[in-house]
Structures are given as C-alpha cells and as structure tokens.
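Spelled out, the chains give:
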There are 2 protein chains.
Amino acid sequence: MRADSRLSRMLHVLIHMDRHDGPVTSELIARMLNTNPVVVRRTMAGLRERGYLTSVKGHGGGWALARSLDEITLRDVYEALGEPTVFAIGVADDDPKCLVEQAVNAAVGEALREAEQRLLSRFGEISIGELARDFDRRMAECTAG
Amino acid sequence: MRADSRLSRMLHVLIHMDRHDGPVTSELIARMLNTNPVVVRRTMAGLRERGYLTSVKGHGGGWALARSLDEITLRDVYEALGEPTVFAIGVADDDPKCLVEQAVNAAVGEALREAEQRLLSRFGEISIGELARDFDRRMAECTAG
DNA sequence: GATCACGAAACAACAGGAGTTGCATAACTC
DNA sequence: GAGTTATGCAACTCCTGTTGTTTCGTGATC
Ligand code: FES
Ligand code: FES
C-alpha cells in the first residue's frame, strides 16, 4: 500500500491557512501540496464536518480556519480523516478456530493495539499551534543564518 | 493495502512445526494457513536464510526448525521477512523544501519513529516459545472445560 | 448572466501483499 | 535410470485502498 499521507498533508495546509489572510481556494492548496483540487476537497471535507474549517462557494470563496490552531491536535485531524488504518501489518484471521493462531493473535494483536494507543495518545498531546511555532523557529534560523 | 499478515502466519507455522515430528511440506503448511504452497515458500525463504529453518528437497523433504522456539523472537521473524513497512500512514515528502512541511514531518515522523521503535522493542521481548506455552495453556483449558 | 469555486459521483492509476501457473532441479524409491 | 516427490524461481493476475482525473451540478459574486 502507498503510505497514507493525508494527515501530514492536512497539517501542512492548516498551518499555511493560519498564516494567510482570507479564504484559500482548493486550487491554491492543491498547488502547495503538488496535487489536485478534487483531492483537496475530498480530504478537507472531514475537517469541515468536525467544525475545524469552513468552506465558502463562489467568487472570493474558498477554505478558512474556524478555530485556533492551538485548539486542534494531531489526533483531532486523524479522527476527522475517518481514523484511517494505522498499521500496514496485521493478523491473518481475526477470529480463528485454531488455538495456535489464537495465541499468536493474542500476542501480536495486543502489541499492535498498545502501540496504536500510544501513538494516538501522543498525537492527542500535540497541537497544531505547536507545530506552527516550530515552523516560526525554523524560519527565524533560516533568515538569521 | 491489505494488511500484511506474514508475521502472524509465520508464527503460526513455527509453533505448529515445533509440535510436529519430521519435515513439513509447503503443501501441508499451505492447507493450515488456507493459502498456496508457493506463497508459503516465498514467505519462509527469509527464515531459512537467517538460519531459523531448513528446507529439504525431494521425497520425504520439507521444512524443519533449525532452532528452539525460545531462541526466536517476534522481532527476529519480522526482520527475516525483510522488515516490512510497519505503518500505513506516513509523510507526503521525505525531504520537502517547504519549512512548514519540514516542521510537520519532524513532529509526525518523530511520533511514528518512536512508536515503531517501541513496537519492535516489544517484539524483541517476546519469544515464540512463550507463545507456544500460551497455546498449551489454552489447550489445557479447552480439554479441562 | 458570466465567472468563480465548492460538492459529488464515476473512473483510471498505482503500490504492495496475496494467489496462481509453469518449469527447472534435487532427492528418494523402485 | 525412470518415476515420483518436493523445493526454487520467474512471471504473471488479483485484490484493496490511496491518489489522480474528468465531468456535471450548484451557489455566490460581480
Ligand atoms: S491450523 Fe489447526 S491448530 Fe493451527
Ligand atoms: S508549500 Fe509550504 S511553504 Fe511553500
């Protein structure tokens, strides 16, 4: 499977929008992400439904933030995307007859579940505002150097 | 992508082989896993190269364990499979020009790397022998009840 | 009403695991 | 040594889910 890059793409977009006055069109966002306006609308639809974004049709329309970046965590974005599959690996059969396979699934499944929990918890601790400030630091270093 | 089930499949097979006298053919293993002998050979090739298994051609041939299950961890099997991709999610561009994207990649990439490290460490702590003993417990419960 | 921009549906492209077929090769049996 | 068994390898197809593209509809602005 190709890696699902929707999460990082949305974070990228949200920060850019925060530093931008007025609504941003799907067309412009698509150019930033090197992709297609339709893909942008599809991906951002979930964030609009959750109330993180608004979209306005017609002339002068486009996308705008409905909340501060400090109020949105990486986990919020992950969930707005429909909680996509985290792992590329998994068990062969979720409810096997074979007792050996049940023992294997118990161990592997447990490890995966725990790793997923930890990852999502970590995502819940990171606000996009923090990422934006990290960007500011990088920018300052860049212009200073 | 469909979830990569090779890890759990191999664990399943290894435990079965441990409880089996003499070599096991790819044909028999394929029936256990509800799959194809060629898929079995392809998947098990890596374990042979690492010295965990041996394979013998010809009449009376097949696959056999070359080590005790207590000497093989889940991580060993994972690595023998070629360290397949762990996550289904990832960043859009590994080396972006855009500073915003760099900040995003730093945060998301770090969280993913750490989660992967933790998961693989956990895999390194679990030997297949333990899984086999867990199977024994399940079996005892089953016959007792 | 012309233009701009989102909304939704339908479809092709792509990637990687899984499944399949065919043939070569090695080992054992007789 | 001929026949059988079983792995080894290469070259497909199939499946699933993200990504990319086209088309048409609709609402808002000028
Ligand atoms: S396939 Fe029957 S016990 Fe594993
Ligand atoms: S696309 Fe993000 S800074 Fe240029």
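Residues numbered from 1 in each chain as written. Chains lettered and ligands numbered in written order. Predicted model: local features only at pLDDT ≥ 70, side-chain atom pairs only at ≥ 80, totals over all residues. Heavy atoms only, no water.

Naming follows an unreviewed UniProt entry, where chain A appears as Transcriptional regulator of Phenylobacterium deserti.

> So what exactly am I meant to see when it comes to the environment of glycine 129 of chain A here?
All names here are of chain A. With respect to the helices, strands and loops of the structure, glycine 129 is situated in helix α6 (residues 128–144). Along the primary structure glycine 129 and leucine 65 are separated by 64 residues, whereas in three dimensions their C-alpha atoms are 13 Å apart. With sequence-adjacent residues up to four places away left out, glycine 129 is seen in contact with Leu69 and Asp70. (Helix = DSSP H or I, 4+ residues; strand = E, 2+ residues; numbered from the N terminus. Contact = heavy atoms within 4.5 Å.)

> When you look at the pairing of strand β1 (residues 53–56) of chain A in this model, what are you seeing that I'm missing?
Where a strand is regular, its side chains alternate between the two sheet faces. All names here are of chain A. The pairing of β1 with strand β2 (residues 62–65) spans four bridges and is antiparallel. Across the sheet, serine 55 pairs through a bridge with tryptophan 63, a residue of β2. The turn linking β1 back onto β2 is made up of five residues, and glycine 58 within it adopts a positive phi angle of 80 degrees. (Pairing = 2+ DSSP bridges.)

> Just to check I follow, could you spell out the relation of the copies chain A and chain B for this structure?
What connects the two chain copies is a rotation about an axis and a shift along it. Screw-axis analysis of chain A against chain B gives a translation of 0.0 Å along the axis, an RMSD of 0.1 Å, and a rotation angle of 180 degrees. Taken together, these values place the two copies in the relation of a two-fold axis. Residue by residue, 100% of the interface of chain A is reproduced at the interface of chain B, so both copies engage with the same surface. (Least-squares fit on C-alpha atoms with pLDDT ≥ 70 in both.)

> Where do I start with the protein's contact with DNA strand D in this structure?
Around DNA strand D sit 30 residues in total, of which Thr35 and Gly58 of chain A together with Ser26, Arg41 and Arg48 of chain B are the nearest. Of all DNA strand D atoms lying within 4 Å of any protein atom, the proportion belonging to sugar or phosphate reaches 66%. Interatomic distance of 3.2 Å between a backbone N/O atom of glycine 58 of chain A and a base nitrogen of DNA strand D. Contacts to DNA strand D include arginine 48 of chain B, whose side-chain N or O atom sits 2.3 Å from a phosphate oxygen. (Near = heavy atom within 4 Å. Polar contact = N/O pair within 3.5 Å; in protein donor to acceptor, adjacent residues only side chain to side chain.)

> Help me out: how do you make sense of the protein's contact with DNA strand C in this one?
Neighbouring DNA strand C are 31 residues, the closest being Met1, Ser26 and Arg48 of chain A together with Thr35 and Arg42 of chain B. Of all atoms in DNA strand C that approach within 4 Å of the protein, 72% are sugar or phosphate atoms. Residue glycine 58 of chain A places a main-chain N or O atom 3.4 Å away from a sugar or linking oxygen belonging to DNA strand C. Between DNA strand C and serine 5 of chain B there is a distance of 2.9 Å, counted from a phosphate oxygen to a side-chain nitrogen or oxygen. Sorting the residues of the surface near DNA strand C by element identifies α3 (37–49), β1 and β2 of chain A together with α1 (6–18) and α3 (37–49) of chain B as the ones contributing at least two each. It is α3 of chain A that provides the largest number of residues to the surface near DNA strand C, a total of four residues. Partitioned by chemical class, the residues of the surface near DNA strand C number eight nonpolar, twelve polar and eleven charged. (Nonpolar A, V, L, I, M, F, W, Y, C, P; charged D, E, K, R; others polar.)

> Help me understand the packing of helix α1 (residues 6–18) of chain A against helix α5 (residues 99–125) of chain B, please; the structure alone is not making it clear to me.
When two helices pack together, their arrangement is given by the angle between the helix axes and the distance between those axes. Look at α1 of chain A against α5 of chain B: their axes get within 9 Å of each other, and the N-to-C directions meet at 135 degrees. On the basis of their axis angle, the class for α1 of chain A and α5 of chain B is oblique. Considering how the two elements wind past one another, α1 of chain A and α5 of chain B form a crossing that is right-handed. Between α1 of chain A and α5 of chain B, the residues in contact are Ser8, Leu11, His12, Ile15 and His16 of chain A and Val100, Glu101, Val104 and Val108 of chain B, respectively. (Axes fitted to C-alpha atoms, helices over the stretch in contact; angles between N-to-C directions. Parallel < 35°, antiparallel > 145°, perpendicular 65-115°, else oblique. Left-handed = near helix turned anticlockwise from the far one by under 90°.)

> Mind showing me how you'd approach the packing of helix α2 (residues 26–33) of chain B against α3 of chain B here?
Residues and elements named next belong to chain B. Look at α2 against α3: their axes get within 8 Å of each other, and the N-to-C directions meet at 100 degrees. Put simply, α2 runs roughly perpendicular to α3. Across from Ser26, Glu27, Ile29 and Ala30 in α2, the residues of α3 making contact are Pro37, Val40, Arg41 and Met44. Each residue belonging to the contact of α2 with α3 can be placed in one class, and the counts come to five nonpolar, one polar and two charged.

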